[in-house]
Amino acid sequence: MKNIEKPIGRALTALQALGKKVKQTGPKQWQAQCPAHEDHKPSLSVSEGTDGRLLLDCKAGCTFESVREALGLNKGEAYMRTEQKGNFVASYSYFDESGRLLYKIHRTPDKQFYPQTPDGKFGYNGSRRVLYRLPELLESTEQVFIVEGEKDVDRLRGLGLTATTNPGGSNGWRKEYAEPLRGRNVVVLPDNDEAGQKWCKAVESSLRGVAASVKLVELTDLPESGDVSDWLNNGGTKEKLIQLAEQQSEVDVLETITESEWELPAQLGHFDLPIFPLEAFPGQLCVFYEFCEAVAESYQVPVDLPAMLALSVGGASLAKRIVVHIRGDHWEPVNLFAVVALPPASRKSGVFRAVTEPLVLFERQEVERLAPIIELNRNQRILLEDSLKHARKQAVASKNAEDRKGYAEQTDKIIKELNELEVITSPQYIGDDATPESISSLLYDNAGRFALLSAEGDIFDLMAGRYSNGNPNLGVYLKGHASDDIRVNRANRDFKPIYIHKPALSIGVAVQPDVLRGLTLKRGFRGRGLLGRFLYSLPQSCLGHREINPRPVDPKIATAYQNKILDALRLEPNVNTDGKPCPHIVTIGSDTLKELDRFAKWVEKQLGPGGDFASMGDWAGKLVGAVCRIAGIFHGLIYAASGNPAKAQIDAETMLGAIAIGEYLIPHAKAAFFEMGADPEIDSARRILDWVSSKQKEEFTRRDVFNSLRGRIQKVVELDDPLEILTNHGYIRDVSQEHKGPGRKPSQKYKTNPLWLAQNTQNAQNYRADLNSAHSAQFAQEVAI
Amino acid sequence: MIFALERLRLLRAGKSLDSPTPLDIDNLPVDWRIDFEERVAILEYDGGLTREDAETQALTEIAERIRSTEQI
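Residues numbered from 1 in each chain as written. Chains lettered and ligands numbered in written order. Predicted model: local features only at pLDDT ≥ 70, side-chain atom pairs only at ≥ 80, totals over all residues. Heavy atoms only, no water.

*Asks:* So what exactly am I meant to see when it comes to the overall build of chain A here?
*Replies:* A count of helices and strands for chain A gives 26 helices and 27 strands. Burial status across chain A gives 48% buried among its 785 residues. In chain A, the share of contacts with a sequence separation of at least 24, taken over all contacts with a separation of at least 6, comes to 67%. When the accessible area of chain A is evaluated, it comes to approximately 38600 Å², of which 49% is carbon and sulfur surface. (Helix = DSSP H or I, 4+ residues; strand = E, 2+ residues; numbered from the N terminus. Buried < 20%, exposed > 50% of the residue type's maximum accessible area, 1.4 Å probe, protein only. Contact = heavy atoms within 4.5 Å. Areas by Shrake-Rupley, 256 points an atom, 1.4 Å probe, with all protein chains shown as cover.)

This is the structure we're talking about:
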C-alpha cells in the first residue's frame, strides 16, 4: 500500500488500470505502453529518482503534459524529455545570410549546448558557423551589441536593440565572425567572469581594423558570471545601456593582449584511439595474447606494436599456403600490409627482433637444409652448361653433315634439360630494406612469397622511387598485396621475362609519425590504392612512463609463440589435380558468415555519401577483405600443425575476433589519414608549426610563412585557412597593426604562443636526450655481447 | 560498428549470438560515449536519479539507440 502513495505506485496502477503492458527493465526502471497514444509496443520509459520523482520519456513523441495527466500525476512529480537528445529548455536557430536554417543550438537546464542540423543529426556536421540572428544583423544599420549567449541577444532584441552572439559560448568566437560586423559600431558586453574576459579579448582582437568602432562595456553590480540579462533584471534599462556605451571610449585592442593571457593550445588533430584488443585473438591462440603482452611489458611499448607485427608475421608465414574463400568469386589471400607509427627511441627494433625471430630461425634452418641440395643443383647446371659448350664445339668442328646433325640434336637435348632444371637458390623469406625491383626477384626466387619487415620507415621512400629518380614503382606492392600475377623483365636472366604466379607480399613496418605526414601527396600513393592497402596503428607512446626494470619475456611464452609460427611456416601447400602446389582453401561457416555480413553491411552504409568513411573509401572499401585475411591467419595458425587447415571452417569466434580487430583499425586509419595529409589545410597548418618550431619563431609574418613553404603553397591566399586553424587552436595570434595611410598594406604579423614554443623546445631536447640514452644503451649492450 | 568484441564476449560466455549485444561503456566509440555521459548528466540532474542509477538507465537507453542505429 505504501508504494501506491508514491508517484511510481500511482503511475503503475494507472497503467494497469488502462490495460497497458508494463515491464520492469531494471532497478527503478520500467518500460510501458504509453497511455497518451495508441501504443502497440512499449514506447514509454519510466525511471524513478531517489526523491521519488519520475522521469518519463515517450519515444513516440507524446507531450509531457499528456503523459503526466494520463498517469494521474501532479505537476512536479514527473519530468520528461522534450527532445530526443535531452531535456532542452530552449532552442536557438541560426540562419545564413539568405535566411536558410543552418543549425539549431539546444540548451539544457545546466547550460549545456547541443547543436543540431536540419537533418536531425546532432553536431554541426560540417555546416558553416555564423553569428546568431545574422539576417537581422545584416539588415540593421544600428550599433551592434555582442553578448555571450542567445538568451541575452533575444533579451536585447526585445528592447529594440540589434544584438548578436556566437555559437559555442565563451570559447567559441571565430575570426570569421568579424566579417558581418565590418564597418559597424560594436559594443561588447562580456559576462562577469574570467571566461567572459577571454571571450571579450577574442572578439575585440578579431574586430580590429574591421569594425568602425569597438567599445567594451563592463556592467557593474553583476553577480559572479552575471550577464546583461541579470543587469536588466536588476533595474537596468535600454536607455541606460546606450548611455553607458556612449560614455565608453573606444578600445585600444593591442593593449588588451598580454603575454600572461596565453594558454597551452588545443592539440591539432588529437584522436582518442583504442588500444589493440588482445582478447580478439581466438582462445586457441591465447599464446599470442600472452606473447604480445609479455613483449609489450618487456620492451615497455604499447601492445599494439607487437600485436600488429605478430599479425604480419602470421600472414607472412601462411602466405601462399592458405586462401580464404568467402563466397562465389570472392577470395582473399592472407598476407597483410601493416604499419605502426611510434616516435623515435620507442624500442621498435627490439620488438621486431622478438616477433620476427621464428621467421629468421626458419629461414636459417631452410638455408642449412637446402645447402647440399643447392650445391647439387648448381653442379648439375654447370655440368649441363659444360656439356652444351662441348657439344657446340664438336658440332662446329664436324666435317660431315651427319656428325654435325648428331651434335646439333645433342645440343638441343641439353638446352631442353637446362630449361627444365629448376634453379634452387638459398631462401630469403624476409628482408628489411628492398627496392621494388629486388622485391620482384625475391618473390620469384622464393616461390612467390616474401615479407618486408622493418623497424624503419625507408620503405615509403623506396616505394616513392628513391633509386629511380622519383618515379614510383608501385606495381609490385599493389600486385603483391592483391596476389595478382607479376611479369618482370630481368637483365640478369638473359632478358627473359619472369612470371610470378599469385605472389604474396607481406609488409610490417614501424615508422615515426613524421614518416606518415604527407604520404597522400606522394605520386600514386593514394590514387593507385597503395595507402588503402595498409592497416594502420597509431598507439600512444610509452615514452616518459616506462618502467626502468621491466619483466623480461618468459622463455616458455616465447617458445610457444615461436612454435605456432614455425607450424605455419612448415605447413606444406596443397596439391591441385595437375600435381602442382596450391594453397589450402579455407571456407567460412554459414553462421560465421552472418557475422561477417552484418559487419560488411555496416561498412557499406558508412561508405555512402555522408557516411563515416566517405572520405576514406579507398581504405574502408578493403576493410572487409582485411578482416577476412585476419580471420584466415587466425584459422591457419590454429590448424597449421594438423597439416590440413581446410579440414575445418572458420568459426564464429575466429571471425568475431578478426572483426574486433577491424573495428579497432577504423579509428586508427582515420587518424593515420589525418596524419598523412588527407586534409591539405591541416597538413599546411602542421608544416607551419614545424617551421615555427624548428626556427623558434616568436613572431613572423604571413610573407615569412609563404617563403618557407614555397613550392608547397602556390598562392599566399592558400595560407588563410591554415593560419586561421592555428589561430583558433591557440598556437598563434594575429598581432597586425591597423594599416592607415597610403602605401602597400604590410604583411599580416603573428605572434607564437610562448608556452607552446617553450614546451616544444623542451620536448625536442628530451627527444635528443632520449635518443642519446638509447644509443648509449645499445652501445653498452653491444660491448657486453 | 557491430561491437564485435562485445559479441565475442557473449559467445565466450556460452550465450547465443541472437541475444542482444551487451555493451561495455569503456569500449564505446567516442561519439556514443559522449552521448552516454550527456544522458547520465541529464538523468542525474534533471531526473533526480543517483549517479549509479543514472548510469544504469543511460546505458540501457544508449544501448537501445546503438542497437537500432547500428542494427546490432
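*Asks:* Mind showing me how you'd approach helix 6 (residues 194-207) of chain A here?
*Replies:* Along an α-helix, residues three or four positions apart point the same way, because every turn accommodates 3.6 residues. All names here are of chain A. Its 14 residues place the ends of helix 6 20 Å apart at the C-alpha level, agreeing with the 20 Å of an ideal helix rising 1.5 Å per residue. Within helix 6, burial applies to Gly-196, Trp-199, Cys-200, Val-203, Glu-204, Ser-206 and Leu-207. The buried residues of helix 6 occupy one face: seen down the axis, they fall within an arc of 165 degrees. Immediately downstream of helix 6, the backbone of Gly-209 shows phi near 75 degrees, a positive value. (Expected span 1.5 Å × (residues − 1). Arc of directions from axis to C-beta.)

*Asks:* Where do I start with the packing of aromatic side chains in this structure?
*Replies:* When we look at a pair of aromatic rings, we describe it by the centre distance and by the angle of the planes. Residues and elements named next belong to chain A. In this structure the tally under the stated criterion is 20 aromatic pairs over all chains. Chaining the aromatic ring pairs together yields one cluster made of Phe-276, Phe-281, Phe-288, Phe-291, Tyr-561, Phe-634 and Tyr-664. Positioned above the aromatic ring of Tyr-429, the side-chain terminus of Arg-449 is 5.8 Å from the ring centre. (Phe/Tyr/Trp six-rings, centres within 6.5 Å; stacked < 30°, edge-to-face > 60°. Lys NZ or Arg CZ within 6 Å of the ring centre and 35° of its normal.)

*Asks:* Teacher, can you tell me more about the pairing of strand 12 (residues 213-216) of chain A here?
*Replies:* Every other side chain in a regular strand lies on the same face of the sheet, so the side chains alternate between the two faces. All names here are of chain A. Alternating residues of strand 12 divide into Ser-213 and Lys-215 and Val-214 and Leu-216, and every residue in both groups is buried. Bridge count for strand 11 (residues 185-189) against strand 12 is four bridges, and the pairing is parallel. Bridge pairing in strand 12 links Asn-185 to Ser-213. Handedness of the crossover joining strand 11 and strand 12 through helix 6: right-handed. (Pairing = 2+ DSSP bridges. Right-handed = clockwise from strand over helix to strand, strands pointing away.)

*Asks:* How do you make sense of the pattern of salt bridges when you look at a structure like this?
*Replies:* Residue and element names in this part refer to chain A. Taken as a whole and judged by the stated rule, the model has 28 salt bridges over all chains. Measuring nitrogen to oxygen at the nearest pair gives 2.8 Å for the salt bridge that ties Asp-597 to Arg-327. Of this pair, Asp-597 sits in helix 19 (residues 590-607) while Arg-327 sits in strand 13 (residues 322-327), placing them 270 residues apart in sequence. On the basis of relative accessibility, which here comes to 30%, the residue Asp-597 falls in the partly exposed class. (Salt bridge = Lys/Arg side-chain N within 4 Å of Asp/Glu carboxyl O.)

*Asks:* Mind showing me how you'd approach empty space enclosed by the protein here?
*Replies:* To locate leftover empty space, one rolls a probe as large as a water molecule over the atoms. All names here are of chain A. For the structure shown, the criterion picks out three cavities of 30 Å³ or more. At the level of elements, strand 17 (449-454) and strand 20 (504-511) are the ones that each hand at least two residues to the lining of the largest cavity. A per-element tally of the lining of the largest cavity places strand 17 first, with three residues. When the residues that make up the lining of the largest cavity are grouped by side-chain class, the tally is eight nonpolar, one polar and one charged. Taken as a whole, the second largest cavity holds about 50 Å³ of empty space. Ranked by the residues each element gives to the lining of the second largest cavity, the list is headed by helix 15 (residues 458-463), at three residues. A class-by-class count of the residues in the lining of the second largest cavity yields four nonpolar, one polar and three charged. (1 Å grid on protein atoms, 1.4 Å probe; cavity = no way out; pocket = protein on both sides within 12 Å on 5 of 7 lines; lining within 4 Å. Points joined across faces, edges and corners; volume = space filled by probe spheres on them. Nonpolar A, V, L, I, M, F, W, Y, C, P; charged D, E, K, R; others polar.)

*Asks:* Explanation requested: the environment of Gly315(A) in the structure shown.
*Replies:* Residue and element names in this part refer to chain A. Topologically, Gly-315 is positioned in helix 11 (residues 304-318). For Gly-315, a relative accessible area of 0% gives the class buried. A sequence separation of 192 residues divides Gly-315 from Ile-507, and the C-alpha atoms of the two residues are 9.3 Å apart. Once you skip the residues sitting within four places of it in the chain, Gly-315 turns out to touch Val-334, Asn-335, Ser-506 and Ile-633.

*Asks:* What exactly am I supposed to notice about the pairing of strand 27 (residues 749-752) of chain A here?
*Replies:* Residues and elements named next belong to chain A. The alternating pattern of strand 27 places Tyr-750 and Thr-752 on a buried face and Lys-749 and Lys-751 on a face that is not buried. Bridge count between strand 25 (residues 699-701) and strand 27: three bridges; the pairing is antiparallel. For Glu-699, the partnering residue across the bridge sits in strand 27 and is Lys-751. Pairing analysis gives three bridges linking strand 26 (residues 732-734) to strand 27, with the strands arranged antiparallel. Counterpart to Arg-733 in the pairing with strand 27 is Lys-751.

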